[in-house]
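Residues per chain are reported as follows:
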Amino acid sequence: MTKEEILAAFQYRHACKEFDPNKKISKEDFEFILETARLSPSSFGLEPWHFVVVQDPELREDLKENAWGAPKKLDTASHYVLGLTMKTPLMKWDSDYIQDFMINVQHHPEEVRKGRSKFIEQFQKSDFDLSDDRKLFDWASKQSYIAMGNMMTAAAMIGIDSCPIEGFKQETTENILREKLDIDTEKFGISYMIAFGYRVVEPREKTRRPMNDVVTWK
Ligand SMILES: Cc1cc2nc3c(=O)[nH]c(=O)nc-3n(C[C@H](O)[C@H](O)[C@H](O)COP(=O)(O)O)c2cc1C
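Just so it is clear, the model here is predicted, and its values are computed rather than measured.

**Student:** I tried to follow the packing of aromatic side chains on my own but got confused; where do I start?
**Tutor:** Overall, the coordinates contain 8 aromatic pairs when judged by the stated rule. Residues F30 and F196 carry aromatic rings whose centres are separated by 5.4 Å and whose planes lie at 80° to one another, so their mutual orientation is edge-to-face. A residue pair is termed long-range when its members are at least 10 positions apart, and F30 in helix α2 (residues 27-38) and F196 in strand β4 (residues 188-197) qualify at 166 residues. Across the pair, F196 and F30 agree in class, each one buried. Between F44 and F123, the ring centres sit 5.3 Å apart and the planes meet at 75°, which makes this aromatic pair edge-to-face. Taken as a pair, F44 in the loop between α2 and β1 (49-53) and F123 in helix α7 (residues 110-127) lie far apart in primary sequence, 79 residues in all. Residue class for F123 comes out buried when judged on its relative accessible area of 13%. Of the aromatic side chains, those joined through ring pairs into one cluster are F44, F119, F123, F128 and W139. Between the NZ or CZ atom of K23 and the centre of the ring of Y198, over which it lies, the distance is 4.8 Å.

**Student:** What is the right way to look at the pattern of salt bridges in this model?
**Tutor:** Where charged atoms from two side chains of opposite charge come close, those side chains can pair. Taken as a whole and judged by the stated rule, the model has 15 salt bridges. Note that R113 is salt-bridged to E110, the shortest N-O span being 2.6 Å. Here R113 pairs with E110, and both are found in helix α7, just 3 residues apart, close to one helical turn. A residue is classified by how much of its surface remains accessible, and E110, at 40% relative accessible area, is partly exposed. Across the pair R199 and D161 runs a salt bridge, and its minimum N-O distance is 2.7 Å. Of this pair, R199 sits in the loop between β4 and α10 (211-214) while D161 sits in strand β3 (residues 161-165), and the two are 38 residues apart along the sequence. A single burial state applies to R199 and to D161, both of which are buried. Each of E61, K64 and D75 takes part in one network of salt bridges that share partners.

Conventions adopted
- Residues numbered from 1 in each chain as written.
- Predicted model: local features only at pLDDT ≥ 70, side-chain atom pairs only at ≥ 80, totals over all residues.
- Heavy atoms only, no water.
- Phe/Tyr/Trp six-rings, centres within 6.5 Å; stacked < 30°, edge-to-face > 60°.
- Helix = DSSP H or I, 4+ residues; strand = E, 2+ residues; numbered from the N terminus.
- Buried < 20%, exposed > 50% of the residue type's maximum accessible area, 1.4 Å probe, protein only.
- Lys NZ or Arg CZ within 6 Å of the ring centre and 35° of its normal.
- Salt bridge = Lys/Arg side-chain N within 4 Å of Asp/Glu carboxyl O.

Shape is all these values report; function is a separate question.
So, in structure tokens, the structure goes:
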């Protein structure tokens, strides 16, 4: 793609408030979007995310009750994603998840695993002071948001609209995750939602601060 085409996709992406309920994203296109999430970078490469694609209308109704930023999107989106992030039992430096991940996903030899464990321990204890559950969840969430950004950009590049959503109550939504989706909310929390589909109206012109306000060169 040319630079102009890439920037055109960034201009095309907007927080789409309502989707055409009759237009569905193809399986192939949605798998492409999910693949860009899966390939996203994360701190120490730990992939602290999980994505739940909610297509069941009843579940979408349940989510609506706690999601003031989402009703129209839940009604009309072709695909609706819950962005989950790992909590302390999985994200703390000495968790089984991290140890297993270094062995079975990253295929690190024993010496490398030990070295990286120490490094992650130091990072979490002092460099970034991730000393309580909230700090650790927020740190892991930052990485989940990278996947979110990549999915929305990738979608825009193939002409698919999206909307990132934080307009919901985290606690009550996690109750739904636990009760209706059988998700262990000791291990996973919800960071965001994203609706995907095709726009019904054109957005208003994009507004952004000028480059000089957002970048400093020294
Ligand atoms: C983390 C995050 C949470 C957001 N939550 C909502 C939301 O709950 N409902 C909504 O309609 N838009 C939501 N937005 C969209 C923003 O309002 C929108 O991105 C911003 O106004 C810039 O407009 P643009 O994305 O159309 O360029 C959210 C955006 C981000 C990045």
